Amino acid sequence: MAVAAIAATFTATPFVIAQVVDEYAVTAGAAALLSTSQMTGFAVGNLAGGRKLVPSRRLARLALGAFVVANGLSAVSPWFSALVGLRLGAGVAMGLITWVAWSDSASDLTRRGEIAAIGPLAAVVASPVIALAVAVDGLRGMYGVLAVLVALALLAPLEVDATLPSERHPITARGVKTILTAMFLFTAGGSSVFVFANVLATDNAGMSPVWLAVAISANALVGIPGARFAGRRRVPGAWMALTGLCALALTLSTYSWLSFVAMTVWGMAFWVAIPEVYFLLSDRSSHPSDRVGDAQAVMSIGRIAGPSLGGVLVGAGSFTALGWFGLGAMAAAGLMVQYAATTHQRSSVAMPIRVRRSA
């Protein structure tokens, strides 16, 4: 329930930006600070959790309580500057909750799939609810609904079974830095394009607003089976590269059906790849939950950097360049993950040779 509330909060971002411009009379660029501050807090919460804290029931409830307060105060904030600060605090609470959830499932493929599937499922359910709340009472209604959702999570029974080693390990295991770098590139490349999905699909491809909403829902829905699948994905790098091809197709498309297909396949490929990347990271860490916070943090940093880089390319007047950038970043991420995924196979082949020589 807590992770679903976080997914709903991220889903609400496009509604927030538009509503803040109207209610606080600020520019769209200034309104985007809300998303940046929230995502920055999210990265800080994950990094702090992975280095300083222990995943526990008490920590989860404290973070949930802080999340409720931040949403409640956001609903009544009279000043834009205060709202920016509140969203930073909300982001920290969201980061801690996410870190606890992923740490709790780090060593269990089935539970990790359940946590991964909550994101796209919550996005589908939350979109119409948030849209209705905004239509009824603007930001006050939207943040009020989010506060209620998180408060309901506080009422549910909660157990945390995550275990951490007696001491925290540095990032020294083979392949860990490679995977973390790939996760940054993957989210930076994807977010740089997807943030402009509305413009690309409607202006360039002529897709109607109704079909755009259906495409965004399809993007989330098709990801649910892939995220929930508890088995291994043998070629995660190929699925990551496929998302890059979808990004390129979205920027080049002048047909609404092609844009629809690109957005739908993107959602499927993304949620097939990500759980396997987390498995590889856990498998190569000194302890399964060692690098969970780092992974969430680098992905959130990528989601901050991606739209900024995309904005520069679009500002230069080239959606084509944006598409090739997205493809390049995500394909490079796929190659890095696939390299890390096959490193142990090469090592296992080389090991008998070294033993025979020493004998």
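Below, the structure is looked at part by part. (Residues numbered from 1 in each chain as written. Predicted model: local features only at pLDDT ≥ 70, side-chain atom pairs only at ≥ 80, totals over all residues. Heavy atoms only, no water.)

## A closer look at the layout of surface pockets
To keep it simple, the criterion reads: In the cavity and pocket records, a cavity denotes points on a 1 Å grid over the protein atoms alone where a 1.4 Å probe fits but cannot get out, a pocket denotes an open set with protein on both sides within 12 Å along at least 5 of 7 lines, and lining residues are residues with an atom within 4 Å of a point. Grid points are joined across faces, edges and corners, and a volume is the space filled by probe spheres set on the points. Counting from the N terminus, the helices are DSSP H or I runs at least four residues long and the strands are E runs at least two residues long. In this classification, Asp, Glu, Lys and Arg are treated as charged, Ala, Val, Leu, Ile, Met, Phe, Trp, Tyr, Cys and Pro as nonpolar, and every other residue, Gly included, as polar.
What the second largest pocket holds in volume is close to 500 Å³. Residue lining of the second largest pocket: 21 residues in total, with Met1, Ala2, Ala101, Ile115 and Leu158 positioned closest to the centre. Counting only elements with at least two residues in the lining of the second largest pocket, the list comes to helix H1 (2–11), helix H4 (57–76), helix H5 (80–104) and helix H6 (109–155). With 5 residues, H6 is the single largest residue contributor to the lining of the second largest pocket. In terms of residue class, the lining of the second largest pocket is made up of 15 nonpolar, 1 polar and 5 charged.

## Some remarks on the nonpolar core
Quick note on the threshold: What we call a nonpolar core is a set of buried Ala, Val, Leu, Ile, Met, Phe, Trp, Tyr and Cys residues that are connected through their side-chain atoms within 4.5 Å. Throughout, exposure labels follow a simple rule: accessible area from a 1.4 Å probe, protein chains only, divided by the maximum for the residue type, with under 20% read as buried, over 50% as exposed, and the rest as partly exposed. Any two residues whose heavy atoms approach within 4.5 Å at even a single point are treated as in contact.
With 70 residues, the main nonpolar core has Phe67, Met183 and Trp266 as its most contacted residues. When residues in this core are grouped by element, the largest group, 11 residues, is from helix H12 (residues 256–284). Excluding residues that lie within four positions of it along the chain, phenylalanine 67 makes contacts with Ala5, Ile6, Thr9, Arg87, Ala90, Ala93, Met94, Ile97 and Val150. Among the nonpolar cores identified, the runner-up in size contains 19 residues, and Tyr24, Ala75, Ile130 and Tyr143 belong to it.

## Describing helix H11 (residues 236–252)
Our working definition: One less than the number of residues in a helix, times 1.5 Å, gives the span that helix is expected to have.
In this model H11 runs 25 Å from its N-terminal to its C-terminal C-alpha over 17 residues, within 8% of the 24 Å that 1.5 Å per residue would give. Buried within H11 we find Pro236, Gly237, Met240, Thr243, Gly244, Cys246, Ala247, Leu248, Leu250 and Thr251.

## Things to note about empty space enclosed by the protein
A complete count under the given rule lists 2 cavities of 30 Å³ or more for this structure. As a volume, the largest cavity reaches approximately 90 Å³. Along the walls of the largest cavity sit Thr9, Ala12, Thr13, Val16, Ile17, Leu34, Ser35, Gln38, Arg87, Met142, Tyr143 and Leu146, which together make up its complete lining. Elements with a contribution of two residues or more to the lining of the largest cavity: helix H2 (13–24), helix H3 (28–52) and H6. When its residues are assigned to classes, the lining of the largest cavity shows 7 nonpolar, 4 polar and 1 charged.

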